Amino acid sequence: MRTYLALASLLACFFSYASATALTYKLVANEKACFFSSVEQQGAKIAFYFAVQSGGSFDLDYTVMGPDGKVIMENSKERQLDSVFTAKVTGEYSFCFNNEMSTFAEKMVDFEIAVENESPSALLPSKQGTSPEQTSALEESIMKVSRDLSTINRNQKYFRTRENRNFSTVKSTESRIFNFSVVESGLMVCMAGLQVFIVRFFFQGARKGYV
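Cut-off values and rules
Residues numbered from 1 in each chain as written. Predicted model: local features only at pLDDT ≥ 70, side-chain atom pairs only at ≥ 80, totals over all residues. Heavy atoms only, no water. Patch = residues over 30% accessible without salt bridge, like charges linked within 9 Å, V, L, I, M, F, W, Y side chains within 5 Å. Areas by Shrake-Rupley, 256 points an atom, 1.4 Å probe, with all protein chains shown as cover. Salt bridge = Lys/Arg side-chain N within 4 Å of Asp/Glu carboxyl O. Helix = DSSP H or I, 4+ residues; strand = E, 2+ residues; numbered from the N terminus. Core = buried A, V, L, I, M, F, W, Y, C linked by side-chain atoms within 4.5 Å. Buried < 20%, exposed > 50% of the residue type's maximum accessible area, 1.4 Å probe, protein only. Contact = heavy atoms within 4.5 Å. Pairing = 2+ DSSP bridges. Axes fitted to C-alpha atoms, helices over the stretch in contact; angles between N-to-C directions. Phe/Tyr/Trp six-rings, centres within 6.5 Å; stacked < 30°, edge-to-face > 60°. Disulfide = S-S within 2.5 Å.

Caption draft 1: Seen up close, a nonpolar patch on the surface. Together, M191, L194, F197, I198, F201 and F202 make up a nonpolar patch on the protein surface, roughly 660 Å² of accessible area in all. As for its placement among the helices and strands, I198 is situated in helix α2 (residues 132-210).

And the structure:
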């Protein structure tokens with residue numbers, strides 16, 4: 001029982017060293033939206049993830065800038081990104097999404113910004129009577145659980161993005177088929193009316209010839 005309690009406390013300490021923000025944002029046409037994350041420790045790891053769930057061609061422009069105004073990474077017409085970089089300076093980092101290339105398409109974006117402020121081993125509680133071997137084994141178990149959870153989280157994000165994009169494609173195709181059917185039905189009605197008019201016109205002309 002004590003082992004499970006110790007493992008739970010170690011897990012709580014491990015997850016407390018990282019701060020994360022996961023949001024879903026609707027980026028309208030010709031809009032540029034920026035989000036900010038504060039880093040208080042030099043050398044911290046910053047994980048940046050985003051995926052366009054729906055809208056247009058599922059792509060947008062993005063820019064990541066540091067507190068000194070230098071561009072850390074940027075790209076155009078990107079559908080999805082999962083990147084980790086090291087914060088060289090402390091301060092506020094900006095993460096901007098740009099949809100100015102779209103004239104009317106709105107885009108739904110899922111993104112997450114995670115900052116790891118310090119090493120998890122520095123937060124592990126020390127206890128008298130605990131050998132370094134036991135602490136090392138617990139650290140390895142925690143790291144393994146963390147890697148497995150990260151893998152599961154990435155897989156969930158990937159399948160969610162695939163599902164949302166496929167649903168958006170099916171919805172767009174359904175709308176196009178419906179519009180095409182309406183136009184086709186209208187053309188058929190117009191052709192039928194035109195044929196009736198032409199037949200009546202010929203019969204009326206034939207009757208006048210007989211008279």
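Caption draft 2: Structural context of the nonpolar core. I46, F48, F50, L60, Y62, F95 and F97 are the most contacted members of the largest nonpolar core, which totals 24 residues. The set of elements that each furnish at least two residues to this core consists of β2 (32-39), β3 (45-54), β4 (60-65), β6 (80-86), β7 (91-98) and β8 (107-116). Discounting residues that sit within four places of it in the chain, F48 has contacts with Y62, V64, L81, D82, S83, F95, F97, E112 and I113.

Caption draft 3: Up close: the sheet that holds β7. Strand order across the open sheet formed by 4 strands is β2-β7-β4-β5, with antiparallel pairing between neighbours. A single partner strand is all that each edge strand has here, and the edge strands are β2 and β5 (71-78). Adjacent strand axes in the sheet meet at a mean angle of 10°, parallel and antiparallel pairs treated alike. Strand direction decides the pairing type here: β2 and β7, joined by 8 bridges, are antiparallel. What sits directly across from V39, in β7, is G91.

Caption draft 4: Spotlight on the packing of aromatic side chains. Scanning the entire structure with this criterion turns up 11 aromatic pairs. Relative to F35, the ring of Y25 lies with its centre 5.4 Å away and its plane at 80°, an arrangement referred to as edge-to-face. Of this pair, Y25 sits in strand β1 (residues 18-27) while F35 sits in strand β2, and the two are 10 residues apart along the sequence. Classification of Y25 as partly exposed rests on a relative accessible area of 26%. Between F48 and F50 the ring centres are 5.8 Å apart and the planes differ by 40°, which places this aromatic pair in the tilted class.

Caption draft 5: Structural detail: the state of the cysteines. Applying the stated criterion across every chain yields a total of 1 disulfide. A disulfide bridge connects C34 with C96, and the sulfur atoms are separated by 2.0 Å. Of note, the bridge from C34 to C96 carries an S-S torsion of about 110° and is right-handed in sense. In this pair, C34 sits in strand β2 while C96 sits in strand β7, placing the two residues 62 residues apart along the sequence.

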